[in-house]
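# Reading the structure
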Amino acid sequence: MTAHIELRYRRSVDGREVALVAELPTIRSIEIGGAADGLRLPGVDPQRALATIGFADGTYTLEPRDGAGDLTVNGAAPGPSPHSLADGDVIRIEGFDLTFHHAPLPEGERFLDTQMRWKQRVPPELRREGDESPRDESTPYVSEFELAIRPLINSEQHEEVERRVSAELLRLIRADESETLERYARFLWSIRIAALARSGKGPAAEEACEQAIDLFPGDASLLLWLAMSQLRRREWVGAESSFGRALRVAGRGELRTLHTARVGLLLAQDERQEEQRAARGYRRTIVPHSHDWAVPELQLAAPGDELLYWNLLRSTGLFGPESTPQFRFLGYDETPATSETLVQRWEIFDRSAGRVYRRLIRLPRLIYAEPSLVAENALVRQFLNEHEPTWVQGLIDLSDEQDSIRRAPVILEPSVIEALSSSTSEPRYLRLATSRHKDDRLTFHVNLVASPMPDDVIYEQGAIKVAVAERDVELLAGARLSWQRDSDGEGFYLESPNFARVRVLSRRDAPPAKAPRRHLNPVLGVSIGLIVLLLVLRLLLTVLRS
């Protein structure tokens, strides 16, 4: 005997209606409530058991538990004894509706795995992004124009693409076909906006986007593009508004747009709050202590949200050009975590400016997360992996590496070791540090010091003791220090994947060596000799007189 139960509710994070299904076991009873191994209702306390569904003699029964609240079956309260369930019975509990079906899961329907007991029923209008586009009157026009401009896009002739798209849009308007071929018109506007942006005409692209939104106010992808453009300009309030509108109008088949807008709204709100904190004197740049995690905490809705969050940060250039930021996962902060949530430690390394920022990300554990969000996030990530494989660029998992390994020291070239090997045997350290000017320029320093600073990262390479200022470890990680002779003379040089080759200032332009023997100044020597000679002559005259 096979049966399943269907749960329908409106998701709190975005107001979307969700349908989840779960097959019911026949070999044991199962609880409805907050426990992860039962029929978990989103948001219900994990310790609460509201009802039990059991199976015996070919019949499924429902038995209320203590604290069930207003439990009804088909609008009426069941009695204290187990209530026999019939096909189509609707159980209402804690604001959720669960429908009992005395049948297996229907064949031919699609379900998304939530990694929990529930599966998410996929409505017919929801298709995977990247699947074959719907067939309508616009289809042949979209296909033909896409084939025509693909060589131009691949060869980065963006101005020519924009010219052709504008001409085709004008033809549609003159032929009065914009409404008949609406999907084709939207496609053309999106290509035009992208071409303008890629050719460096950001303001023109935003103006075109606003014109398109006036024509198609319900187009979530256009609103999403506008919101990301506003993020780049750091217009947080405008970005919040645009992300919110995209979230409201996104269709059920636009999963990528839907969840990008949902996470983008959190990003805009977070950046606005950061700006407000900065106005009160708070600095979001990391203080130079590896143990310092007194940093802002961001609450996300489901596992996987953090990856979409970092992808948005990278693509909007909030931490430098798209190819420069690194998002480093450093493991979990167990202290503030609970049985239901985890707190992730992240560092954002802006290699273009040599700055490091930290974030704490609080997420529900998988078994307590909103199950439909888990399933849809996985589908979005699958789409990105297939169609935009570079979306994870800059994401680095360093959670299993020790801090001393993660913070790789500066590597000394043999030329430096050879130059320093002849220095005095006194206990000295080769110390590297930076200083930042008011215009954000960096100057690199290397000096021999008697002792390091208290917060320096200390290590040895060969017989050389090296000290690196802790605030500069991330910037200097992986750099190589060399001693070279060039047209400017001899000196230290740093080469790194994080910055261009630079000359390093030191107290000397040459490496330290053993102190040379001090020779007596010739003039001083002659003077001393004459004085000694006069003294001797005076002594002899004294002896002769006596």
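This text gives an overview of the structure that appears in the document. (Residues numbered from 1 in each chain as written. Predicted model: local features only at pLDDT ≥ 70, side-chain atom pairs only at ≥ 80, totals over all residues. Heavy atoms only, no water.)

One finds Y184, L188, F243, W310 and L313 to be the most contacted residues of the largest nonpolar core, which totals 69 residues. Per element, the largest residue contribution to this core is 9 residues, and it comes from helix α3 (residues 182-198). With residues up to four places along the chain from it excluded, the contact list for L313 reads L267, E271, L318, F319, F327 and I348. Counting residues in hydrophobic clusters, the runner-up holds 27 residues, among them V18, I30, V73 and I91. (Core = buried A, V, L, I, M, F, W, Y, C linked by side-chain atoms within 4.5 Å. Buried < 20%, exposed > 50% of the residue type's maximum accessible area, 1.4 Å probe, protein only. Helix = DSSP H or I, 4+ residues; strand = E, 2+ residues; numbered from the N terminus. Contact = heavy atoms within 4.5 Å.)

Structurally, the position occupied by T316 is in the loop between α8 (305-315) and β14 (325-332). In this structure, T316 is in contact with M228, L231 and R232, ignoring residues within four places of it in sequence.

What follows deals with the packing of aromatic side chains. Per the stated rule, a full pass over the model turns up 14 aromatic pairs. Measuring from ring centre to ring centre gives 5.6 Å for Y9 and F96, while their planes differ by 70°; the resulting arrangement is edge-to-face. Taken together, the positions of Y9 in strand β1 (residues 4-10) and F96 in strand β10 (residues 96-101) put the pair 87 residues apart, joining distant regions of the chain. Taken as a pair, Y9 and F96 share a single burial class, namely buried. Residues F145 and Y184 carry aromatic rings whose centres are separated by 6.4 Å and whose planes lie at 70° to one another, so their mutual orientation is edge-to-face. On the criterion of sequence distance, the pair formed by F145 in helix α1 (residues 139-154) and Y184 in helix α3 is long-range, its members being 39 residues apart. On the accessibility criterion, F145 (11% relative accessible area) is buried. For Y184, a relative accessible area of 2% gives the class buried. The ring of Y493 has R501 lying over it, and the distance from NZ or CZ to the ring centre is 4.1 Å. (Phe/Tyr/Trp six-rings, centres within 6.5 Å; stacked < 30°, edge-to-face > 60°. Lys NZ or Arg CZ within 6 Å of the ring centre and 35° of its normal.)

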